[in-house]
Amino acid sequence: MTLALASDYVDFWWLSIGLGFAILGVVVILLSLLVSLVKDIDRNVKELGTVADAVGANTAAIAGLDDVAAAAGRLRANVES
């Protein structure tokens with residue numbers, strides 16, 4: 001009876017070690033996926049910063065549109081008269 005009990009303990013130890021390695025494998029896979037996603041997010045944020053700078057440069061002249069609209073209004077008034 002004692003030998004059977006010892007064999008059960010050994011089986012439980014091997015089962016525990018196997019489950020530990022399986023869980024460790026899943027954790028490694030999930031951490032690798034997380035690192036990949038963080039790198040992807042970082043790359044996209046850097047790209048977004050570049051695009052935002054370009055949009056800012058393109059819209060810098062919007063303040064001058066009020067002057068253009070006023071000049072167009074004066075031109076229209078001169079043409080109509």
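Structural data are supplied above this passage.
Draft legend 1. Seen up close, the overall build of the protein chain. Check the secondary structure of the protein chain and you find 2 helices and 0 strands. A globule of 81 residues ought to have a C-alpha radius of gyration of about 12 Å, yet the protein chain, at 35 Å, is considerably larger. Dimensions along the principal axes, computed over C-alpha positions, put the protein chain at roughly 115 × 20 × 10 Å. Taken over 81 residues, the protein chain has a buried fraction of 0%. A total accessible area of about 7300 Å² is found for the protein chain, and carbon and sulfur atoms account for 73% of it. In the protein chain, the 5 positive side-chain charges and the 9 negative ones have mean positions that sit 12 Å from each other.

Draft legend 2. Summary view of helix 2 (residues 65-80). When the terminal C-alpha atoms of helix 2 are compared, their 22 Å separation across 16 residues agrees well with the 22 Å that a helix rising 1.5 Å per residue should span. In terms of burial, helix 2 is largely open, as just 0 of its 16 residues are buried.

Analysis parameters
- Residues numbered from 1 in each chain as written.
- Predicted model: local features only at pLDDT ≥ 70, side-chain atom pairs only at ≥ 80, totals over all residues.
- Heavy atoms only, no water.
- Helix = DSSP H or I, 4+ residues; strand = E, 2+ residues; numbered from the N terminus.
- Rg over C-alpha atoms; globule rule 2.2 N^0.38 Å.
- Buried < 20%, exposed > 50% of the residue type's maximum accessible area, 1.4 Å probe, protein only.
- Areas by Shrake-Rupley, 256 points an atom, 1.4 Å probe, with all protein chains shown as cover.
- Lys, Arg positive; Asp, Glu negative; His and termini not counted.
- Charge placed at Lys NZ, Arg CZ, Asp CG, Glu CD.
- Expected span 1.5 Å × (residues − 1).

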